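Results of the structural survey
The primary structure of each chain is shown beneath.
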Amino acid sequence: MTIKKTTLAILASAALTVSLSARDQIKMVGSSTVYPFASAVAEELGATTKYPTPVVESTGSGGGMKLFCAGNGMNTPDITNASRRMKAKEFKMCEKNGVTDITEAVIGFDGIAFAQSNSNKPFSVTKKQLALAVAAEVPGKNGKLIDNPYKKWSDIDSSLPNREIIIYGPPKSSGTRDAFEDMVLKATFKKMDEYTSLYKKDKKKYKAYKKYHKVRQDGIYVPSGENDNLIVQKLNKNKDAFGIFGYSFLVENEDKLIGAKINGVMPTPDAISSGEYPISRSLFFYIKNSHEKDVPAMKDYVKMFMDDMMIGEEGILTEIGLIPLPKAKRAAIKASVTKREKVTLDSLKH
């Protein structure tokens, strides 16, 4: 009798352990830009398979990486979405916490829209003018850098409207913010002597000026959280303001918003996929392969996401703003994901 009770207790304990370690529902975190696409696939999985609809949280790319890289425990996310590639320091953080078997999936292209209420006249700005509107320091009359004094667009260039500069944009934890800083601020200022000469003068003291990307904090640029829909709401209230967010949110709100031209190019699917639109980037998600055994739904979710039904030229996700990758590149990435090829530091550099 005692032996039977002991055996039952062991079996009950084992069953409890399995129930705590394995789960049917996928947990995802990460980019607010990728969120609509991940959510659409999650809903399709819930509607067409035996698995429950995955939980998708919009934490920002940086916030998602921190949660994803915290460890292999089942209380950590299975997948993290990102609107830019994983950083080397994030990979090392994952590695330090034992998260060493990660696969990278690229789902398509996205443009970073600079948009306003459609009640305004069309707006056109160069990438340099946009950088000067956002940067914390800009060149003064004597060529030295000064705190950004620009309050109106016409202060930057007399050809621009005499209109207040107010920009609602993503916070530091956002991959969209990272991409914007890389493609607009760093790309502009690395070609301007006022910034590079300081670095050349004293590389240690002025290290930050080699890749200058400090955003002003005087109320002109307003960090507006990870929910891009809040930015849309603010643009409807403040007609002078502009917002920075992924192209998909511009598509979703084309009845309320219009995109601005950057370097004379409107954000359109063709311009984004060709690279003609100057603020274009790829979108990603990262798979924690150590979870796949205990979360069997992951296999079906990843397979569904990478299918042409979702990310191809006529895919479901194109209807909400995803720009498809070229067919050959899409096939190569799908093959890599199917094999669960592991991310390495070298692969993140390419």
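None of the values given here were measured: they were computed from a predicted structure.

A tally of regular secondary structure across the protein chain gives 15 helices and 13 strands. Projected onto its principal axes, the C-alpha coordinates of the protein chain cover approximately 90 × 50 × 40 Å. Sequence separation of 24 or more characterises 73% of the internal contacts of the protein chain that already satisfy a separation of 6 or more.

Here we take up helix H9 (residues 228-237). Of all the positions in H9, only Asp228, Ile231, Val232 and Leu235 are classed as buried. For H9, the arc enclosing every buried residue in end-on projection is 105°, short of the 170-degree limit, so these residues lie on one face. Contact partners of the buried residues in H9: strand S4 (102-117), strand S8 (167-169), strand S10 (242-246), helix H10 (247-252) and strand S11 (257-259).

According to the domain assignment, the protein chain contains domain 1 (27-109 + 282-339) and domain 2 (111-280). The C-alpha-based centres of domain 1 and domain 2 are spaced at 28 Å. In this assembly, 18 residues from domain 1 lie in contact with 16 residues from domain 2. When domain 1 packs against domain 2, the two sides together hide about 1,300 Å² of surface, and 56% of this comes from carbon and sulfur.

The nonpolar side chains of a soluble globular protein tend to be buried with one another. Counting 104 residues, the largest nonpolar core has Phe114, Trp153, Tyr286, Tyr301 and Phe305 as the members making the most contacts within it. When residues of this core are assigned to domains, at least three fall in each of domain 1 (27-109 + 282-339) and domain 2 (111-280). Leave out the neighbours within four places in its chain, and Tyr301 touches Ile26, Met28, Ala38, Val41, Ala42, Leu45, Pro54 and Ile79.

The subject of this paragraph is the packing of aromatic side chains. Scanning the model with the defined rule gives 14 aromatic pairs in all. For the pair Phe114 and Phe242, a centre-to-centre distance of 4.6 Å together with 5° between the ring planes defines the contact as stacked. With Phe114 in strand S4 and Phe242 in strand S10, this pair connects stretches of sequence that are 128 residues apart. On the basis of relative accessible area, Phe242 is assigned to the buried category, the value being 0%.

Note on placement: Ser83 falls in the loop between strand S3 (79-82) and helix H4 (88-96). Of note is the side chain of Ser83, whose polar atom sits 3.1 Å from the backbone nitrogen of Thr176.

What follows covers the environment of Met266. Structurally, Met266 is set in the loop between strand S12 (261-262) and helix H11 (269-274). Overall, Met266 belongs to the partly exposed group, its relative accessible area being 35%. Sequence separation between Met266 and Met65 is 201 residues, and the spatial gap between their C-alpha atoms is 31 Å. The residues contacting Met266, other than those within four sequence positions of it, are Gly259, Ala260, Lys261, Ala271 and Tyr277.

Now for the pairing of S4. Where a strand is regular, its side chains alternate between the two sheet faces. With 16 of 16 residues buried, S4 is to be regarded as a mostly interior element. When S4 meets strand S13 (residues 280-288), the two strands line up antiparallel, connected through nine bridges. By the bridge assignment for S13, Asp110 is matched with Arg281. The pairing of S4 with S10 spans four bridges and is antiparallel.

This part covers the pattern of salt bridges. Taken as a whole and judged by the stated rule, the model has 16 salt bridges. As a salt-bridge pair, Asp178 and Arg84 come within 3.0 Å of each other at their nearest N and O atoms. With Asp178 in helix H7 (residues 175-189) and Arg84 in the loop between S3 and H4, this residue pair connects regions lying 94 residues apart in the sequence. Just as Asp178 is buried, Arg84 falls in that class too. Across the pair Asp218 and Arg216 runs a salt bridge whose closest N-O atoms are separated by 2.9 Å. Judged by its relative accessible area of 3%, Arg216 is buried. Members of the salt-bridge network, linked through shared partners, are Arg84, Lys87, Glu90 and Asp178.

Thresholds applied
- Residues numbered from 1 in each chain as written.
- Predicted model: local features only at pLDDT ≥ 70, side-chain atom pairs only at ≥ 80, totals over all residues.
- Heavy atoms only, no water.
- Helix = DSSP H or I, 4+ residues; strand = E, 2+ residues; numbered from the N terminus.
- Contact = heavy atoms within 4.5 Å.
- Buried < 20%, exposed > 50% of the residue type's maximum accessible area, 1.4 Å probe, protein only.
- Arc of directions from axis to C-beta.
- Domains from an automatic or database assignment.
- Buried area = accessible area lost by both parts, 1.4 Å probe.
- Core = buried A, V, L, I, M, F, W, Y, C linked by side-chain atoms within 4.5 Å.
- Phe/Tyr/Trp six-rings, centres within 6.5 Å; stacked < 30°, edge-to-face > 60°.
- Polar contact = N/O pair within 3.5 Å; in protein donor to acceptor, adjacent residues only side chain to side chain.
- Pairing = 2+ DSSP bridges.
- Salt bridge = Lys/Arg side-chain N within 4 Å of Asp/Glu carboxyl O.

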